[in-house]
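The residues making up each chain are set out below.
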Amino acid sequence: MIQFTSLIIMTVQIAALVAAILSWKKYKNTTEKYFLFFLIYIVLNEITGYVIGGDNLYIYNIYTVLSISFYLFWFHQILNNKGLIKILGFLFLITIVYTAVKQDFWTSLWTFPFIPSSIIIIICSTLFFNSFLNNLKAISYTNSQQFWIVTGLLIFYVGFLPIALTWGMIKPGSYPFRLIIMTLNLLLYGFYIKSFLCLKQN
């Protein structure tokens, strides 16, 4: 079951990367251009973790740090609330430093950052939609790459937050857990794909 869900997740991640590559000319001059390189990293990271096998927890610890850092960087680019984003970034840094002191980097999964990370992305997504819905751009939201990306992020982290809050009471390798994680990833990268396919030719 673990290998099956991992392969499904990896497949949709690769599909999102392919969509990003094929649509590159349509968004290469926007703030969303960074997602191509981020998706390259995600795919390489997932393949590396899959090949390494059981002793790969440090791969995902690195991913936690880099992915949230990337999202904070991107939100800082597109939102006007830059001071708040910097504060959230500082709080995330404190979380990582605390985790590095309390948990081993190589042999244990850094679970403590899951909760603040999820809350941070939910806050940033809420700020985006508050600004977006008060903007004329909302009229043509179907062609907004930012709209689809943030929608995917919001759905993923709203769904992931209850898992983060109850992490000590669940078995990560269980069928329900793997099914939920797979579903959330399918939604997230599905929205990523939609964000690339919705673009019009410049």
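The structure reproduced in this document is the subject of the present report. (Residues numbered from 1 in each chain as written. Predicted model: local features only at pLDDT ≥ 70, side-chain atom pairs only at ≥ 80, totals over all residues. Heavy atoms only, no water.)

### What about the environment of Y58?
Here is step 1: Mapped onto the elements, Y58 comes out in helix α4 (residues 57–78).
Here is step 2: The sequence separation of Y58 and S108 amounts to 50 residues, and the corresponding C-alpha distance is 7.4 Å.
Here is step 3: Setting aside its immediate chain neighbours within four residues, Y58 contacts I52, F105 and W106. (Helix = DSSP H or I, 4+ residues; strand = E, 2+ residues; numbered from the N terminus. Contact = heavy atoms within 4.5 Å.)

### Digging into the nonpolar core
What tends to happen in soluble globular proteins is that the nonpolar side chains get buried as a cluster.
Here is step 1: Counting residues in each nonpolar core, the largest one holds 59 residues, and the members touching the most others are F35, L39, Y71, F75, L153, F160 and Y192.
Here is step 2: Looking at this core, the elements that each hand over two or more residues are α1 (2–22), α3 (34–52), α4, α5 (82–102), α6 (114–133), α7 (145–165) and α8 (175–197).
Here is step 3: When near neighbours in sequence (up to four residues on either side) are disregarded, Y192 contacts A16, F35, F38, L39, Y71, I149 and L153. (Core = buried A, V, L, I, M, F, W, Y, C linked by side-chain atoms within 4.5 Å. Buried < 20%, exposed > 50% of the residue type's maximum accessible area, 1.4 Å probe, protein only.)

### What to know about the packing of aromatic side chains
Pairs of aromatic rings are described using the distance from one ring centre to the other and the angle between the two planes.
Here is step 1: One pass over the full model with this rule turns up 29 aromatic pairs.
Here is step 2: On the basis of an interplanar angle of 75° and a centroid distance of 4.9 Å, the ring pair of F156 and Y157 is categorised as edge-to-face.
Here is step 3: Among the residues examined, F156 registers a relative accessible area of 11% and is labelled buried.
Here is step 4: Among the residues examined, Y157 registers a relative accessible area of 8% and is labelled buried.
Here is step 5: Here the aromatic residues F35, F38, F70, Y71, W74, F75, Y189 and Y192 are joined through ring pairs into a cluster of three or more. (Phe/Tyr/Trp six-rings, centres within 6.5 Å; stacked < 30°, edge-to-face > 60°.)

### A few points about the side chain of T5
Here is step 1: Mapped onto the elements of the fold, T5 is located in helix α1.
Here is step 2: Discounting chain neighbours no more than four positions away, the residues touching T5 are R178 and M182.

### With respect to the packing of α6 against α7
Here is step 1: Packing of α6 against α7 brings their axes to within 8 Å, and their N-to-C directions diverge by 145°. In this structure, α6 meets α7 at a crossing whose hand is left-handed. Where α6 abuts α7, its residues F114, I115, S118, I119, I121, I122, S125, F128, F129 and F132 lie against Q146, F147, V150, T151, L153, L154, Y157, V158, F160, L161, A164 and L165.
Here is step 2: In terms of residue class, the contact of α6 with α7 is built from 18 nonpolar, four polar and no charged. (Axes fitted to C-alpha atoms, helices over the stretch in contact; angles between N-to-C directions. Left-handed = near helix turned anticlockwise from the far one by under 90°. Nonpolar A, V, L, I, M, F, W, Y, C, P; charged D, E, K, R; others polar.)

### Points about the environment of T30
Here is step 1: Position of T30 among the secondary structure elements: in the loop between α2 (24–27) and α3.
Here is step 2: Separated by 115 residues in the primary sequence, T30 and Q145 have C-alpha atoms spaced 9.9 Å apart.
Here is step 3: Within the structure, T30 has its side chain in polar contact with the backbone oxygen of Y27 (distance 2.7 Å). (Polar contact = N/O pair within 3.5 Å; in protein donor to acceptor, adjacent residues only side chain to side chain.)

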